[in-house]
Every structure is written in structure tokens, then in C-alpha cells.
Amino acid sequence: MSGDSLVRATRVSRAFGDTLAVQDVSMDVRPGEVVGLLGANGAGKTTLIRLLLGLLPVTAGSVELLGGAPDRERRRHLGYVPQSLGLYRDLTVGENLAFTAQAYGAAPAQLTDALRGSADVLVGELSLGLQRQVAFLAALAHAPQVLVLDEPTSGVDPLARAALWDTIREQADRGTGVLVTTHYMQEAAQCDRLLLMSRARLVAQGSEADIVGETTAAAVRTDDWAAAFAALNAAGEPVMLAGRDVRVADSDVDHLRAVLAAAGIGADVVAVAATIEERMMVLARETPEAVG
Amino acid sequence: MSFWVRSATVRNGDVLALDDVSVTVEPGSVVVVVGGDGAGKTTLLRALVGELVLERGSVRAPAPQRIGYLTAAAGSWPALTVRQNMDFVGGIYGLAGERLQQRREALLTRAGLTEAGDRLASQLSGGMRRKLGFCMAMQHQPELLVLDEPTTGVDPVSRIDLWRLVSEAAAAGAAVLMSTTYLDEAERAGSLLVLDGGRTLAEGSLADVRATLVGSITVGDRPHRAPWAWRRGRRFHEWWRDSEQPPADVMAIEPDLEDVVVALSLQRRHEIGARR
């Protein structure tokens, strides 16, 4: 039984030859929630999505979409916006919307305020923010129950991003389940729940704090960031610029203080919670054995 | 020596691509230009490296052979291997022999590209290709490094690698100007320039940019004045003038860069609307 889930994977694995692209992953998306799927390139996000949508058969485990196998009929209730948007740049906004609506047997979407007056404009002539709005409208015209979005606001300005998230939230409020893959933590912060994949496995899920877990970072406050950076970098620490200070993920604070003192650099070193990105970097550095 | 673009105005046909925009980059520092599609980021970067002519304004940059420039397009030759790409560009800048080889291998090691060194650029992932582009731009140790959206579409782990490489270049004394559409990573830079529609919305340190915003920002469950509210997760953030008293069901918050830029952009749209 799928219970309340619109999409559910139960102990799903997928192999390509000897390589496991997805290993023993269980997850679901429920009505009205926005779930963020995070992970580095090659972590298995795209393969997982293709399994969930029935575009690729599973090697082990099972997938349910809308209470059954993810077949062609159930896929009619899906909306998908790829990062590349999937629009015809040399057709107008109106033609693009009419084309997609016809493919799904739905009425074309109404234009939003921002797009009013642009029905006869070629999609390729619109700003990226407006192109993304058109792609959303095209994906939503058939009132999908499940919406899959790949980096939905990549490249747009903050106002356009807020407008796109308005649309995503309206869909969720109507009961649509939304799965968002993203590399960007601002986008992750807009989700209700996060899933983190690393090396084919689901390694953490829940809130941002659940994802970061026990991983910490050290914030190094100093008057001379370049000297502190050079000293820590030379000591092999994964050091990064952070404003006018530097930061080191997953490192021992006392050790960092000793390295800086030995280099004659005055600095204030404090342990802080890691970011999701830092957590991902730590996962990527760990050997596969250690992850398992 | 610091490098700059001062009071730059650039017109593309009828459109003002840049309207009186200035930026200064000091050696040993990173300045990030933020803004969405059409904000004017690429135009400003191209102005600094001398790729376009200003209608008004002035530029100070080192000689072309002392500049490293990574364009928003791939910036590498797909049919050459990683090492061939490095050697080709290194040769153009006059590097040869052992010096070329040492510099090439040191950069590839730091970028995590050593094992991919004999792979064709066309076979690299997006993140690896951006890292290669960065290494190519850095190879001749330029005084000024200009990077156009080096992290767009790059996964978080490669993005951290790229930021580490950028930090290394700045720590070694390069002046770095880079653009991004992502505000979370912009907070990593010492100085910011926020562009919107070819104009400067705010500039300076993160604290300076925050201080640009007058009034207050609140969080609540519903918008009170729709034009001044925006979504953050399930809740709404809203901007209020100092003269306004926010209602009792919202709570004042310390805005992050995203909030500040949204609120400033809304004010600017409102001003433009009022003038029409």
C-alpha cells in the first residue's frame, strides 16, 4: 500500500554493469509537500528520478507512482521542468503553451501578470526568468499531481526567483507533491524536507540541521585572511574564504589554532555548524567503505 | 595597484546595459558581482578586460597578458585533452618547457584534475570543465583574474573546490572579480556589487549592503501588502518603511542578503513604475 504517498521508493537499487548508481534507497513524496533532493554530480539523483518516473526499470526494490507502477497512464499526472526548460525557442509563448497543452489533452495555461502581452513573443527573446515562468506554465496546464523540478530558479534574479517559488508553493497548497533537485542552498532552504544522496545512497534526510548532522566547521577570524589562508592551506586543511575571514570544514579547532600560532598569525578560531555544502564535501572525501 | 571600472555606461541598441556603474578590485581580494539574467554582470566584466567600448566612463586594467579571463561559455577546446588545453593556453602566454609543465601540474593537482589530465575536455562533467577553465585562466599567474559565473550549474563539491582555488589566487595577491547569480556564495566575498537592470543596487561589504536597506523586514504567515511581500519557504517576508507600523501577527527578522536584495529590487521597480 502506498498510504499517503504520491511517489514512493522502497529499497530501490539500480545497477549499470558493475556500478550501482542507486543503492537501497527508500523515500517518498506526499501531497502538499516540497521535497528537496541534494547531492553532488554522480551521487545518483538523476537515476533515482528516472526510476521514480518509470523511465528506467529498477534492479531491485519497488517504485510506486500514484498508488501503482509508474506506467504511461500514471505519468500523465506528472509535470516536469528540466533545467534546460524543454521549450521551443523559435516558437512564441502562446505556441509553446498550446503545443504542450495539446500533448496532455488539456486547455492551454492562462498567462501570468508578468507574461501578459508576451503571448506572441518568441520564447528565445524573453529573459531567462520569464522563460522559466513559461516552462512552469507549460508543465502545470494539465494540473499534475506530482511536479518534478530540476534547479527551478537557476540563473534568475531574486525577484524572479520569489515569483517562481510563489508558483511552486501554490501548487503544493493545492495538494501537488513537489520534488526539487538543486545544488543551491537557498533553494534547499525553501523546501519542507530534504534528502541527501552520496555515492548512490540516501545518507541523510529531514531538516537542514538533520542533513548537516554532527559535521562542524571552524570560523577563523583574523585581520589578515590571506596569511591565515596560506598557512592553513599549506598544512593541507580544506580552507576557504568567507567574507573577510576564512573557514575550515570538519577540522579540529585546537589543531587549527596550533597551525596558526606556529605561523605567528593571531586569529580567533570558533567551532560553528557546517553548511550543507560543507557536509557534502566531507561526504565526498570519505572513502566509499567509510560511507557504507 | 588596484583595478577599476568607473562610472561606466554601455548601451546595446536602445537598452542601457550599464548605467553609471563603478567597481574597484584591490590586489589580494575577491569582489563578487551579483544579479540575475540581464543585470549587466557580463557587460561589466567585459568592460574591465577591455572587450567592449564604453559610451562613458573609464577603465584601469593591466596589459592583456597580465589578465586571466574565464568567460561564461565553456572556455576550453572540446577536442583537446585537459593537458593539451593547458599547454595551448600556456604557450599563448609564453610559458614553455619545465616551467609550463610545473605550473600545469600544480594547478591540475589543486583542482583535482590530475587523473583526468589525458581525458578530452568534451568528456568532462560540467564542474570539471569549469575547473579546467579556471586553471587555464590562472596558468600565467595574472594580476587580474576575471571570472564570469564560474560556479553556475556546478555541483556543490566542485563549487567548494572552485572557491578554494579562487581564494588561493587572491591569497597569492591576485585581484579577483567574479560574477554569480547565487547570493549564498556571494556572501563569501569580501566585497559585493549588486546589479539590477544595469544599475547598482548596493555595494560594499555584506554589512554595507545590509545597511543600504532602510526600513524593516518581517516574517509572517500571510502577506499584508502583496507588492511588498515575497515567499520564503512556507512563510512570507515583507518590507516596511520606517514610518509604517507592522501588524501584530508578523515578527521582525535580521534580513539575509537574499531579503535585502529582494527588498531593494522591489523599491527600485516601484520607483520606475511611479516615474512612468
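Scoring rules and cut-offs
Residues numbered from 1 in each chain as written. Chains lettered and ligands numbered in written order. Predicted model: local features only at pLDDT ≥ 70, side-chain atom pairs only at ≥ 80, totals over all residues. Heavy atoms only, no water. Helix = DSSP H or I, 4+ residues; strand = E, 2+ residues; numbered from the N terminus. Buried < 20%, exposed > 50% of the residue type's maximum accessible area, 1.4 Å probe, protein only. Contact = heavy atoms within 4.5 Å. Areas by Shrake-Rupley, 256 points an atom, 1.4 Å probe, with all protein chains shown as cover. Lys, Arg positive; Asp, Glu negative; His and termini not counted. Charge placed at Lys NZ, Arg CZ, Asp CG, Glu CD. Pairing = 2+ DSSP bridges. Axes fitted to C-alpha atoms, helices over the stretch in contact; angles between N-to-C directions. Phe/Tyr/Trp six-rings, centres within 6.5 Å; stacked < 30°, edge-to-face > 60°. Lys NZ or Arg CZ within 6 Å of the ring centre and 35° of its normal. Salt bridge = Lys/Arg side-chain N within 4 Å of Asp/Glu carboxyl O. Polar contact = N/O pair within 3.5 Å; in protein donor to acceptor, adjacent residues only side chain to side chain. Nonpolar A, V, L, I, M, F, W, Y, C, P; charged D, E, K, R; others polar. Patch = residues over 30% accessible without salt bridge, like charges linked within 9 Å, V, L, I, M, F, W, Y side chains within 5 Å. Expected span 1.5 Å × (residues − 1). pLDDT = per-residue confidence, 0-100. Core = buried A, V, L, I, M, F, W, Y, C linked by side-chain atoms within 4.5 Å.

1. Comments concerning the overall build of chain A
Line of reasoning, step 1. On a plain count of helices and strands, chain A comes out with eleven helices and 13 strands.
Line of reasoning, step 2. For chain A, the C-alpha atoms occupy an extent of roughly 70 × 45 × 35 Å along the three principal directions.
Line of reasoning, step 3. A burial count over chain A gives 52% of its 292 residues as buried.
Line of reasoning, step 4. Long-range contacts, defined here as pairs at least 24 residues apart, represent 68% of the contacts in chain A between residues at least 6 apart.
Line of reasoning, step 5. Accessible area for chain A stands at about 12600 Å²; split by element, carbon and sulfur atoms hold 49% of it.
Line of reasoning, step 6. Treating the 25 positive side-chain charges of chain A as one cloud and the 36 negative ones as another, the clouds have centres 6 Å apart.

2. Quick word on the overall build of chain B
Line of reasoning, step 1. The number of helices and strands found in chain B is eight helices and 13 strands.
Line of reasoning, step 2. Oriented by its inertia axes, the alpha-carbon framework of chain B measures out at about 70 × 40 × 30 Å.
Line of reasoning, step 3. Looking at chain B as a whole, 55% of its 276 residues are labelled buried.
Line of reasoning, step 4. Long-range contacts, defined here as pairs at least 24 residues apart, represent 67% of the contacts in chain B between residues at least 6 apart.
Line of reasoning, step 5. Just so you have it, chain B exposes about 11500 Å², and 49% of that area is on carbon and sulfur atoms.

3. Points about the sheet that holds strand β2 (residues 19-29) of chain A
All names here are of chain A.
Line of reasoning, step 1. Taking strand neighbours across the sheet as the criterion, the three strands line up as β2-β1-β4 in an open arrangement whose pairing is antiparallel. Single-partner strands in this sheet number two, and they are β2 and β4 (60-65). Averaged over all adjacent pairs, the angle separating strand axes in this sheet is 25°, with direction ignored.
Line of reasoning, step 2. Across the sheet, helix α1 (residues 45-52) lies against β1 (7-16), β2 and β4, angled at about 60° from β2, the strand it touches most.

4. With respect to the packing of aromatic side chains
Line of reasoning, step 1. Applying the stated criterion across every chain, the model contains five aromatic pairs over all chains.
Line of reasoning, step 2. Relative to B:Y182, the ring of A:Y184 lies with its centre 3.3 Å away and its plane at 5°, an arrangement referred to as stacked. Within this pair, whereas A:Y184 is found in the loop between β7 (177-181) and α6 (185-188), its partner B:Y182 is found in the loop between β7 (175-180) and α6 (183-186), the two belonging to separate chains.
Line of reasoning, step 3. Ring centres of B:W77 and B:F88 lie 4.9 Å apart, and the angle between their planes is 90°; on these two criteria the pair is classed as edge-to-face. One end of the pair, B:W77, is in the loop between β5 (67-70) and α2 (82-92); the other, B:F88, is in helix α2, with eleven residues separating them in the sequence.
Line of reasoning, step 4. Sitting above the plane of the B:W240 ring, B:R225 keeps its charged end 3.9 Å from the centroid.

5. So, the interface of chain A and chain B
Line of reasoning, step 1. Counting from both sides, the interface comprises 43 residues of chain A and, opposite them, 42 residues of chain B.
Line of reasoning, step 2. One can count six salt bridges joining chain A with chain B.
Line of reasoning, step 3. With a shortest N-O distance of 3.9 Å, B:R231 and A:D173 are connected by a salt bridge.
Line of reasoning, step 4. Between the two partners, chain A and chain B, sit 18 residue pairs in polar contact (both at pLDDT 80 or more).
Line of reasoning, step 5. Elements with a contribution of two residues or more to the side of chain A that touches chain B: α4 (128-140), α5 (158-173), α6, α8 (225-234), β11 (239-242) and α10 (276-285) of chain A.
Line of reasoning, step 6. A total of eight residues in the side of chain A that touches chain B trace back to one element, the largest contributor, which is α5(A).
Line of reasoning, step 7. Of the residues in the side of chain A that touches chain B, the class split is 19 nonpolar, twelve polar and twelve charged.

6. Some points on the side chain of B:S2
All names here are of chain B.
Line of reasoning, step 1. Mapping S2 onto the fold places it in the segment before β1 (3-12).
Line of reasoning, step 2. By relative accessible area, which is 16% here, S2 ends up buried.
Line of reasoning, step 3. Once residues within four sequence positions are removed from consideration, S2 is found in contact with T24, V25, E26, P27 and R60.

7. Some points on the pairing of β7(A)
All names here are of chain A.
Line of reasoning, step 1. Of all five residues making up β7, five are buried, and the element is well covered by its neighbours.
Line of reasoning, step 2. Residues G177, L179 and T181 of β7 are buried on one face, and the alternating residues V178 and V180, pointing to the opposite face, are buried as well.
Line of reasoning, step 3. As judged from the four bridges shared by strand β3 (residues 34-38) and β7, these two strands associate in the parallel manner. Bridge pairing in β7 places L37 opposite T181.
Line of reasoning, step 4. Bridge count between strand β6 (residues 146-150) and β7: five bridges; the pairing is parallel.

8. What about the sheet that holds strand β11 (residues 229-232) of chain B?
In a beta sheet, neighbouring strands are held together by backbone hydrogen bonds and run either parallel or antiparallel to one another.
Line of reasoning, step 1. Taken together, four strands build an open sheet; the order of strands is β11-β12-β10-β13 (chain B) and the sheet is antiparallel. Two strands close off the open sheet at either side, each with one partner strand: β11 and β13 (251-252) of chain B.
Line of reasoning, step 2. In this sheet, strand β12 (residues 235-240) of chain B lies alongside strand β10 (residues 216-220) of chain B in antiparallel orientation, the contact comprising five bridges. When the sheet's bridge partners are listed, B:T218 is paired in β12(B) with B:E238.
Line of reasoning, step 3. Across the sheet, α5(A) is in contact with β11 and β12 of chain B; its angle to β11(B) comes to roughly 65°.
Line of reasoning, step 4. Sheet strands in contact with helix α8 (residues 257-275) of chain B are β10, β11 and β12 of chain B, and its direction is about 155° off that of β11(B).

9. As for a nonpolar patch on the surface
Residue and element names in this part refer to chain B.
Line of reasoning, step 1. Taken together, the side chains of W77, F88, I92 and Y93 present a nonpolar region at the surface, about 410 Å² in accessible area.
Line of reasoning, step 2. If you trace the backbone, I92 turns up in helix α2.
Line of reasoning, step 3. Overall, I92 belongs to the exposed group, its relative accessible area being 57%.

10. Quick look at α1(A)
Line of reasoning, step 1. Along α1(A), six of the eight residues are buried, which leaves the element largely enclosed by surrounding structure.
Line of reasoning, step 2. Among the residues making up α1(A), those that are buried are A:K45, A:T47, A:L48, A:I49, A:L51 and A:L52.

11. Structural notes on α4(A)
Residue pairs spaced three or four apart in an α-helix point in one direction, given the helix's 3.6 residues per turn.
All names here are of chain A.
Line of reasoning, step 1. Between its first and last C-alpha, α4 extends 18 Å over 13 residues, near the 18 Å set by a 1.5 Å rise per residue.
Line of reasoning, step 2. The buried count for α4 comes to eleven of 13 residues, which makes it a mostly enclosed element.
Line of reasoning, step 3. The set of residues buried in α4 consists of G129, Q131, R132, Q133, V134, A135, F136, L137, A138, A139 and L140.

12. Examining the confidence of the model for chain B
Line of reasoning, step 1. Within chain B, residue pLDDT values average 92, and 99% of them lie at 70 or more.
Line of reasoning, step 2. Both scores are given for the predicted complex: the pTM is 0.89, the ipTM 0.83.

13. Thoughts on the pattern of salt bridges
Line of reasoning, step 1. What the rule picks out here adds up to 38 salt bridges over all chains.
Line of reasoning, step 2. When the shortest N-O distance is used, the salt bridge between B:D118 and B:R83 registers 3.2 Å. Of this pair, B:D118 sits in the loop between α3 (97-110) and α4 (126-138) while B:R83 sits in helix α2; the two residues are 35 residues apart in sequence, bridging distant segments of the chain.
Line of reasoning, step 3. In the salt-bridge network here, residues are joined through shared partners; they are A:R8, A:D28, A:R30, A:E33 and A:R193.

14. Looking at the nonpolar core
Line of reasoning, step 1. Ranked by internal contacts, the top residues of the largest apolar core, which has 78 residues, are A:L232, B:V30 and B:V32.
Line of reasoning, step 2. Ranked by size, the runner-up nonpolar core spans 43 residues in total, among them A:L87, A:I168, A:M280 and B:V157.

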